[in-house]
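Examination of the molecular architecture
Below, each chain spelled out in residue letters.
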Amino acid sequence: PPTTSVAPSGDPGAARPDVIWKLEFSDFKLEDGVNWPRRMKLLVETQVREDIRLGRFKINPKLDAKRFDIK
């Protein structure tokens, strides 16, 4: 006999509550005339999920063309 499968229909997240995601930028420092954030936090509701801290970096550094050679 042929088999039949029942696939769910509609929005699978419809019965779930909305979740608030926030990305916060802080610890700004001036670098090459631009104010850049040095810390980024990802929050889900009120819990910190990721806390990313940036150290030193260069804006538009010179790149050696050999980096793009196919090996």
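The paragraphs below set out a description of the structure included in this document. (Residues numbered from 1 in each chain as written. Predicted model: local features only at pLDDT ≥ 70, side-chain atom pairs only at ≥ 80, totals over all residues. Heavy atoms only, no water.)

1. Brief notes about the overall build of the protein
The condition that has to hold: In DSSP terms, a helix is any run of H or I states spanning at least four residues, a strand is any run of E spanning at least two, and both are numbered starting from the N terminus. With the radius of gyration taken over C-alpha atoms, the globule rule is written as 2.2 Å times the number of residues to the power 0.38. Any residue under 20% of the maximum accessible area for its type is buried, any over 50% is exposed, and the rest in between are partly exposed; the area is computed with a 1.4 Å probe on protein chains only. Only heavy atoms enter the contact rule, under which two residues are in contact if any of them lie within 4.5 Å. Computed with the Shrake-Rupley method and a 1.4 Å probe, the accessible areas treat only the protein chains shown as cover for residues.
Across its full length, the protein carries zero helices and three strands. Listing every helix and strand of the protein by position from the N terminus yields β-β-β. Taken over the C-alpha trace, the protein has a radius of gyration of 23 Å; the compact-globule value for 71 residues is 11 Å, which it surpasses by more than 25%. Projecting the C-alpha coordinates of the protein onto the three principal axes gives extents of approximately 70 × 45 × 15 Å. Put simply, the protein has 71 residues, and 8% of those count as buried. Here the analysis covers contacts within the protein between residues at least 6 apart in sequence; of these, 13% occur between residues at least 24 apart. As displayed, the protein has an accessible area near 7,200 Å², and 55% of this comes from carbon and sulfur atoms.

2. Section: the side chain of arginine 39
Filter applied, for reference: A 3.5 Å cut-off defines polar contacts: any pair of N or O atoms within that distance qualifies, except that in protein one atom must be a possible hydrogen donor and the other a possible acceptor, and neighbouring residues in sequence count only when both atoms are side-chain atoms.
On the secondary structure map, arginine 39 appears in strand S2 (residues 34–44). Here the side chain of arginine 39 touches aspartate 51 through a polar contact of 2.7 Å, side chain to side chain. Ignoring anything within four residues of it in the chain, the contact list for arginine 39 reads Glu24, Phe25, Ser26, Asp27, Asp51, Ile52 and Arg53.

3. Regarding unusual backbone geometry
Phi angles above zero are rare outside glycine, and aspartate 27 is one such case at about 55°. In this structure, aspartate 27 sits in strand S1 (residues 21–31). In this model, glutamate 45 sits at a positive phi of 60°, which is unusual for a non-glycine residue. Position of glutamate 45 among the secondary structure elements: in the loop between S2 and strand S3 (47–53).

4. Considering the environment of leucine 23
Among the structural elements, leucine 23 can be located in strand S1. In the structure, leucine 23 is positioned 42 residues away from alanine 65 in sequence and 35 Å away in space, judged by C-alpha atoms. Excluding anything up to four places from it in sequence, leucine 23 contacts Met40, Lys41 and Leu42.

5. Examining the sheet that holds S2
Consider a sheet: its strands pair through backbone hydrogen bonds, and that pairing is either parallel or antiparallel. As a reminder, the rule being used: Any two strands with at least two DSSP bridges between them are considered paired. Convention adopted: a line fitted to C-alpha atoms gives each axis, helices being fitted over their contacting stretch, and angles between N-to-C directions are expressed from 0 to 180 degrees.
A sheet is described by the order of its strands in space; here three strands give the open sequence S1-S2-S3, paired in antiparallel fashion. Looking at strand neighbours, the two that pair on one side only are S1 and S3, the edges of this open sheet. With direction set aside, neighbouring strand axes in the sheet form an average angle of 25°. Across 10 bridges, the pairing between S1 and S2 is antiparallel. In the strand pairing of S2, phenylalanine 28 is matched with proline 37.

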